[in-house]
Amino acid sequence: MRGTIGASLPRPDAFGKVTGETRYPADLVRPGMLHLKVVFAGRPHARILGIDTAAALRQPGVVAVLTAADVPYNAHGLIEDDQPVLCAVGEKVRFAGDKVALVAAESREAAAAGASLVVVTYEDLPAATDPRAALAADAPLVHDRHGSNQLLHLPIRKGTIERGFAEADIVLDGTFSTSWQEHAFLQPEAGIAEVDEQGRLVVETAGQWLHEDRRQIAKILGLPEERVIVRYAAIGGAFGGREDLSIQHLLALAAWTLRRPVALIWSREESIVAHHKRHPMEIRCRWGATYDGRITAVEAEVIADGGAYASTSAEVVKVATLFASGCYEVPHIAADGYAVYTNNVPSGAFRGFGAPQAQFAAEVMVTRLAHTIGMDPVELRRRNIYREGSLEPTQQPLPPGVSALPVLERCVEEAQVHLGYGLAPQSLPATTSLVAESVEADQTATGSLTPRSARGAGNGRHSPSHLRRGVGIACGIKNVGYSFGYPEQSTATVELHGGGDIERAVVRVGAADVGQGSHLALRQIAAETLGVAPGTVEMVCDDSAEAPDAGSASASRMTLMGGRAVRDAAIEALAKWRDTDDLHVEATVQYRPPATTPLAAGTGASQPNYCYGYAAQAVEVEVSLLTGQVQVLRIISVHDVGRAINHQQVEGQIEGCLAQALGYALLEHFQVRDGRVLTPYLSTYLLPTALDMPTEIVPVILELSDPNGPYGARGVAEMPLVPLTPAIAAAIHDATGVWLTQQPMTPERILTALNVGTALEKGSSNEITTTIDTKSTVTAHASK
């Protein structure tokens, strides 16, 4: 039906979800199924000397205890098969969430009792828990066969870095650190599995890529892929956390080995301890610029804690290293990214995939450069931001459809309306500006962005004297789809049924809907292309035997990739329909986007991506000088989505992602000590609630058509997470004069920064010398 694109149609699954009728994986458990319980290692690094299952097998109700000896091929991984299904005697456990045994019993209680009776004898080994220290030659090895804990070293070179710094009038150094983030999806891992009447292994669970789950399960069990069927029930969120296998292979192993239906439901604690997290990173960088606002050089070192297994660490570090210079065209770049094995919880895919960490550093450095040269931070961005034809750090032009500048300009316009941004006096007295972690000073900008601390709290509103308000702005870039030469495709089949008119359309596309609404978006694309009502379109998406491979629900790719495959298949089916009197036609199309290329050794030269999404955000915060508490009052989030297939769903994606981004920036402090998780519960790992969210969120959607997307659409799911942390950091600095360079920016860290600033202001000297300029010393005068 024409006019379907852009319409805010209601989601077909909404009613079932709000009434409780929708069945999630844990709702699939039936009477008579065996219940599974995992025996975890509980220690970060040790060699297994023995596994005694005798007592567990004597436990009433226990049917079997599976170990590594029961696994035909005991290795798996998205990219590298380096993670055991179950750790074997004589082999090592490499993090506390490694799986050692799998107990199957007639009830959950019997399974838990049996698991507690499995006796595992260990020889504890020294653990590598600090990624920088793990790179040392004498560090304990996580994987002995590698001879090193370095999973990846990626150098990216553009221009000549020495020349870039020689051309600069000012050079600033910065060190930034980010921590783990837990996906905290609503539904912990759960599922069932059985062997059907045709002798096929059927696994029903939740995930992000039907056909990849099937591939790994088949490989583990030594089965042809067609004998394995993976089905997804309703998926209670993912955010990258369901890309790696968590329980799918355990369900498959037990069902295939025991020939009985099995079920496994993880508790929240099991989920937190066992599945991967966002990568912690340390970023050391140096930026050079001229006084007229030209960024000349960026040098960066990115070290990522990959944890115990490879997962997607190499790809995440590639993304982070690529974005170490943000969304700015810089002529001279030397960036080095390192992915490091440690004995911490594995790190893997998480919404943003390395971009938030890298651009936390990049965006703060751009704002600091602006302050130092006395330029409005927006103007510095405006002069350097990517444009059509700009060269990436990998020395190739950006893919067509570069909208970073119009996105920034719209954000500034909205900030003027909602935050009073850009309406301040043009000349200000100098104020002290301290970098929290390294106690560096920064010169105050003289421009249109006036620190709230210089204007008084509340921007004219009445506020207690201990509260300070500030505004901040940041930009962001994130690739859409797979990168660096990884094979990218999406396949869809469209069937048409009817007499003279199309009475029924069936769209088969193996696309996971993890809550983002992809099934409705794909339905709307099909309906628009076929000229039928959306209710005429039947979606078949959740069965690997019934729907072709559309790739993963990740990398903000499904609307573009899956949508383009659906549109192209619908066009082909419609052409067949018009050329025949048959009552049934079908067409299958595989869409492949413009090719990307691997990163060249030594330089990183490549065509890394075929599409980017661009974002800009402005925020207003209120900071308590007494407690360090930060309340985000307003967020403006501007995105070019190419074309909004469902306007309401796009707004929902922006708003939902902002909640996750706010938690990442301020609250979510996932703590690990000596390889052991200290925050395994949601009572100790703090997530934002409705009371933590701002009272005003302004999602702004630009529709500057992407040349490859269906009806011009491109992805948006990850983009709001990229700039928010640096935007909040800039707003905190605007309010208080201190820079925070550690994420999350907790009240304790803010108070520490404020106390350091106070102590320095009370010192004997009114000059604070920075350590950030390699060409000449810069001094910032502390106003008394």
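Calculation notes
- Residues numbered from 1 in each chain as written.
- Predicted model: local features only at pLDDT ≥ 70, side-chain atom pairs only at ≥ 80, totals over all residues.
- Heavy atoms only, no water.
- Buried < 20%, exposed > 50% of the residue type's maximum accessible area, 1.4 Å probe, protein only.
- Helix = DSSP H or I, 4+ residues; strand = E, 2+ residues; numbered from the N terminus.
- Pairing = 2+ DSSP bridges.
- Core = buried A, V, L, I, M, F, W, Y, C linked by side-chain atoms within 4.5 Å.
- Contact = heavy atoms within 4.5 Å.
- Axes fitted to C-alpha atoms, helices over the stretch in contact; angles between N-to-C directions.
- Parallel < 35°, antiparallel > 145°, perpendicular 65-115°, else oblique.
- Left-handed = near helix turned anticlockwise from the far one by under 90°.
- 1 Å grid on protein atoms, 1.4 Å probe; cavity = no way out; pocket = protein on both sides within 12 Å on 5 of 7 lines; lining within 4 Å.
- Points joined across faces, edges and corners; volume = space filled by probe spheres on them.
- Nonpolar A, V, L, I, M, F, W, Y, C, P; charged D, E, K, R; others polar.
- pLDDT = per-residue confidence, 0-100.
- Right-handed = clockwise from strand over helix to strand, strands pointing away.
- Expected span 1.5 Å × (residues − 1).
- Polar contact = N/O pair within 3.5 Å; in protein donor to acceptor, adjacent residues only side chain to side chain.
- Salt bridge = Lys/Arg side-chain N within 4 Å of Asp/Glu carboxyl O.

Q: Hey, could you run me through the pairing of strand β27 (residues 696-702) in this one?
A: Successive side chains on a regular strand alternate, one facing one side of the sheet and the next facing the other. Most of β27 sits out of view: five of its seven residues are buried. Bridge analysis of strand β24 (residues 630-640) against β27 gives seven bridges, and the strand direction is parallel. Paired with I636 across the strands is V698, a residue of β27.

Q: Could you clarify how one ought to interpret the nonpolar core in this entry?
A: Generally speaking, nonpolar side chains in soluble globular proteins are found buried as a group. By size, the foremost hydrophobic cluster in this structure holds 112 residues, and its most contacted members are W287, V621, L666, I728 and I732. Residue contacts for L666: discarding those within four places in its chain leaves V630, V632, I728, I732, P744, M745 and T746.

Q: Would you mind going over the packing of helix α10 (residues 355-373) against helix α11 (residues 377-384) with me for this structure?
A: The geometry of a pair of packed helices is captured by two quantities: the angle between their axes and the separation between those axes. In the contact formed by α10 and α11, the axes pass within 8 Å of each other and the chain directions differ by 115°. As judged from the angle between their axes, α10 and α11 are roughly perpendicular. The two elements α10 and α11 meet at a crossing, and its hand is right-handed. Within the contact between the two elements, α10 uses E363, V366, T367, L369, A370, H371 and I373 and α11 uses P377, L380 and R381.

Q: Teacher, can you tell me more about the layout of surface pockets here?
A: Empty space left among the atoms is revealed by rolling a probe the size of a water molecule over them. A volume near 510 Å³ is recorded for the second largest pocket. Along the wall of the second largest pocket there are 23 residues; nearest its centre are D130, P131, T178, W180 and P280. For the lining of the second largest pocket, the elements supplying multiple residues, two or more each, are α4 (131-134), β8 (170-178), β13 (281-289), β14 (295-307) and β25 (672-673). Looking at the lining of the second largest pocket residue by residue, the classes come out as seven nonpolar, nine polar and seven charged.

Q: Any chance you could explain the sheet that holds strand β5 (residues 99-105) here in plain terms?
A: Paired through backbone hydrogen bonds, the strands of a sheet run either parallel or antiparallel to each other. Spatially, the seven strands line up as an open sheet ordered β3-β5-β1-β12-β9-β10-β11, and their pairing is mixed. On the outer flanks of this sheet lie β3 (62-66) and β11 (228-232), each paired with one strand and no other. Put simply, the sheet's adjacent strands are angled 20° from each other on average, direction ignored. Relative to strand β12 (residues 262-265), strand β1 (residues 34-40) is paired through two bridges, and the arrangement is parallel. Bridge assignment links H35 to a residue of β12, and that residue is A263. Across the sheet, helix α6 (residues 210-221) lies against β10 (201-205) and β11, angled at about 145° from β11, the strand it touches most.

Q: It is not clear to me how unusual backbone geometry should be interpreted in this structure. Could you clarify?
A: For residues besides glycine, phi is generally negative; the peptide bonds are generally trans as well. With an omega of 0°, the peptide bond between Q743 and P744 qualifies as cis. Positive phi outside glycine occurs at F239, with the angle close to 60°. The residue F239 is located in the loop between β11 and α7 (248-258) in this model. Overall, the relative accessible area of 30% leaves F239 in the partly exposed class. We note that Q395 has phi near 75°; this positive angle belongs to a residue other than glycine. For Q395, the position within the fold is in the loop between α11 and α12 (404-419). On the accessibility criterion, Q395 (37% relative accessible area) is partly exposed.

Q: Is there a simple way to think about the side chain of S325 in this case?
A: Within the element layout of this structure, S325 appears in the loop between α9 (313-322) and β15 (332-341). Looking at S325, the relative accessible area reads 1%, which means it is buried. Non-local contacts of S325, meaning those with residues more than four positions away in its chain, are made with W287, V298, V330, I333, A362 and P393.

Q: Got a minute to help me understand the environment of C541 in this structure?
A: Relative to the helices and strands, C541 is located in the loop between β21 (537-540) and α15 (558-578). We classify C541 as buried; its relative accessible area is 4%. The sequence separation of C541 and V62 amounts to 479 residues, and the corresponding C-alpha distance is 36 Å. For C541, the contacting residues outside a window of four places in its chain are L210, V509, G510, A511, H519 and A547.

Q: Would you explain the confidence of the model for the protein chain in this entry?
A: Any segment with low pLDDT has predicted coordinates that should not be analysed in fine detail. This prediction gives the protein chain a mean pLDDT of 92; 91% of its residues lie at or above 70. With pLDDT under 50 throughout, residues 424-461 is counted as low confidence; its partners more than four residues away or in other chains account for 104 contacts. This model gives residues 764-784 a pLDDT under 50, and the stretch forms 55 contacts once residues within four places in sequence are excluded.

Q: Would you mind going over empty space enclosed by the protein with me for this structure?
A: This model, assessed by the stated rule, comprises six cavities of 30 Å³ or more. The space that makes up the largest cavity amounts to roughly 140 Å³. In terms of lining residues, the largest cavity is bounded by 14 residues, among which Q83, D244, L245, A274 and H276 are the most central. Among the residues forming the lining of the largest cavity, the class breakdown is five nonpolar, seven polar and two charged.

Q: Help me out: how do you make sense of the pairing of β21 in this one?
A: Here strand β20 (residues 502-508) runs beside β21; their pairing, made up of four bridges, is parallel. When the sheet's bridge partners are listed, V507 is paired in β21 with M539. With respect to chirality, the unit in which β20 leads through helix α14 (residues 518-530) into the neighbouring parallel β21 is right-handed.

Q: Looking at this structure, how should I read the packing of α11 against α12?
A: Closest axis-to-axis distance for the α11/α12 pair is 10 Å, and the angle between their directions is 165°. Between α11 and α12, the angle is such that the two are roughly antiparallel. The crossing of α11 and α12 is left-handed. Across from V378, R381 and R382 in α11, the residues of α12 making contact are L405, L408, E409 and V412. In the contact of α11 with α12, the residues fall into four nonpolar, no polar and three charged.

Q: Help me out: how do you make sense of α12 in this one?
A: For an α-helix, 3.6 residues make a turn, and residues three or four places apart therefore share a direction. With 16 residues, α12 ought to run about 22 Å at 1.5 Å a step, and its terminal C-alpha atoms sit 21 Å apart, in line with that. Every buried residue belonging to α12 is among A404, L405, V407, L408, C411, V412, E414, A415 and L419, and all of these are buried. A positive backbone phi angle near 70° is found at G420, which sits one or two residues after α12.

Q: Just checking my understanding: could you explain the environment of D513 for this structure?
A: Tracing the backbone through its elements, the reader meets D513 in the loop between β20 and α14. Note: C-alpha distance between D513 and A553 (40 residues apart in sequence) is 7.3 Å. With residues up to four places along the chain from it excluded, the contact list for D513 reads R11, I235, S518 and H519. Looking at D513, its side chain comes within polar contact range of the main-chain nitrogen of Q516, at 3.4 Å. One polar contact links the side chain of D513 to the main-chain amide nitrogen of S518, over a distance of 3.1 Å.

Q: Quick question: what am I supposed to make of the pattern of salt bridges here?
A: Pairs may arise between side chains of opposite charge once their charged atoms sit close together. Applying the stated rule across the entire model yields 38 salt bridges. Between E718 and K478 there is a salt bridge; the shortest N-O distance is 3.1 Å. With E718 in the loop between β27 and α17 (724-736) and K478 in strand β18 (residues 467-479), this residue pair connects regions lying 240 residues apart in the sequence. For the pair E718 and K478, one class covers both residues: buried. Taken together, the shared-partner salt bridges in this structure form one network comprising R11, D13, K17 and D513.

Q: What is the right way to read the sheet that holds strand β2 (residues 46-52) from this model?
A: If you walk across this open sheet you meet the three strands as β4-β2-β6, and the pairing is antiparallel. The open sheet terminates on both sides in strands that have one partner only, identified here as β4 (92-93) and β6 (119-124). Across two bridges, β2 lies against β4 in antiparallel orientation. When the sheet's bridge partners are listed, R47 is paired in β4 with K92.

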